[in-house]
Amino acid sequence: MTTVAFVNRLPAEAEAQWLKALASAMPELAVRTLRDIDAAERDAVRVAVVANPDPADLAALPNLQWVHSTWAGVERMVAELGADAPPIVRLIDPELARAMAEAVLAWTYYLQRDMPAYAASQGERRWEPRPYRRPQEMTVGLLGLGALGAAAAGRLSEADFQVAGWSRTPKDMPGVAAHTDLSRVLKVADIVVCLTPLTAQTRGLLNAERLEQMKPGAALINFARGPIVVADDLIAALDAGHLSHAVLDVFDQEPLPAGSPLWSHPKVTVLPHISAVTDRRTASAIVAGNIRRWLAQGVLPQAVDMARGY
């Protein structure tokens, strides 16, 4: 029976849950943790499923030909493994895209319907109706038009929001005014939604200069990675009244430290990285299908471009 290594730095309970899901999805293969594969057997392992793997653990598999991540985001692996890493395949799961699109629409509605202002009014016992803004009158700017961005664009368009999108390479997407010039999207968007991968080019992308390019009174949703937004610059833009609110699900350090000013900022909604949680069942089925095809046909799924970082 072919052995597939599961290399991870997960808590014991999470590791056990993933092992069960992966083994159920590919029962004809032996899915085992590295500690359960002895030194003699490790030479025969050609593929590993990984979740935040320790580079030293992967190095213990000398004939590894590729690795399949259980996550969509792979920036940590790219940084830790470097250019000499075996091909890395990231998870592309329609269920993850569906859940992310759902979250984008939900929190866009939260901002469109002025929920932060009503929460503040309740805290001050003020009965203060606000003017209604129709979705057709609002533009949502999506930063990142990959699988997650495309799914979010579809849900937003169905809800009658105007959608503008930014990507590094040109995209032709129905219902989306797509641009490769970031400033054009920032200037027209009432709500900016960040879904772009974290790379050397996107780290610090939304800094003071670019936040200043956003429409006065616009809001920000960051469902990508924390370091894409410069937190101090964001707080300054909120304090100055240039931006109205920020919904943040990702941070430079997670969990968000108790001393972070973001916790108590009146114009910030803090979420504990829950916008789109990986579904072990659907993810394991996709991983299993990719591994089966490779074993039967030698077809390697599209791997991460290490130079781009995704």
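Predicted, not measured: the structure shown is a model, and the values here were computed from it. (Residues numbered from 1 in each chain as written. Predicted model: local features only at pLDDT ≥ 70, side-chain atom pairs only at ≥ 80, totals over all residues. Heavy atoms only, no water.)

Attention shifts here to the overall build of the protein. Regarding its fold elements, the protein presents 11 helices and 12 strands. Taking 310 residues into account, the globule formula puts the C-alpha radius of gyration at 19 Å, and the protein, at 21 Å, falls close to it. Dimensions of the protein, computed from C-alpha atoms along their principal axes, come out at roughly 70 × 45 × 30 Å. Counting across all 310 residues of the protein, residues that qualify as buried make up 47%. Taking all contacts inside the protein whose residues are at least 6 apart in sequence as the whole, residues at least 24 apart take part in 62%. Just so you have it, the protein exposes about 15,100 Å², and 52% of that area is on carbon and sulfur atoms. Put simply, the protein has 30 plus and 34 minus side-chain charges, and the middle of one group is 4 Å from the middle of the other. (Helix = DSSP H or I, 4+ residues; strand = E, 2+ residues; numbered from the N terminus. Rg over C-alpha atoms; globule rule 2.2 N^0.38 Å. Buried < 20%, exposed > 50% of the residue type's maximum accessible area, 1.4 Å probe, protein only. Contact = heavy atoms within 4.5 Å. Areas by Shrake-Rupley, 256 points an atom, 1.4 Å probe, with all protein chains shown as cover. Lys, Arg positive; Asp, Glu negative; His and termini not counted. Charge placed at Lys NZ, Arg CZ, Asp CG, Glu CD.)

Below, the discussion takes up the pattern of salt bridges. For the coordinates displayed, the defined rule picks out 15 salt bridges. Between arginine 9 and glutamate 80 there is a salt bridge whose closest N-O contact spans 2.6 Å. Taken together, the residues arginine 9 in the loop between β1 (3-8) and α1 (12-25) and glutamate 80 in helix α4 (residues 75-81) connect sequence positions 71 residues apart. Owing to a relative accessible area of 35%, glutamate 80 belongs among the partly exposed residues under this scheme. (Salt bridge = Lys/Arg side-chain N within 4 Å of Asp/Glu carboxyl O.)

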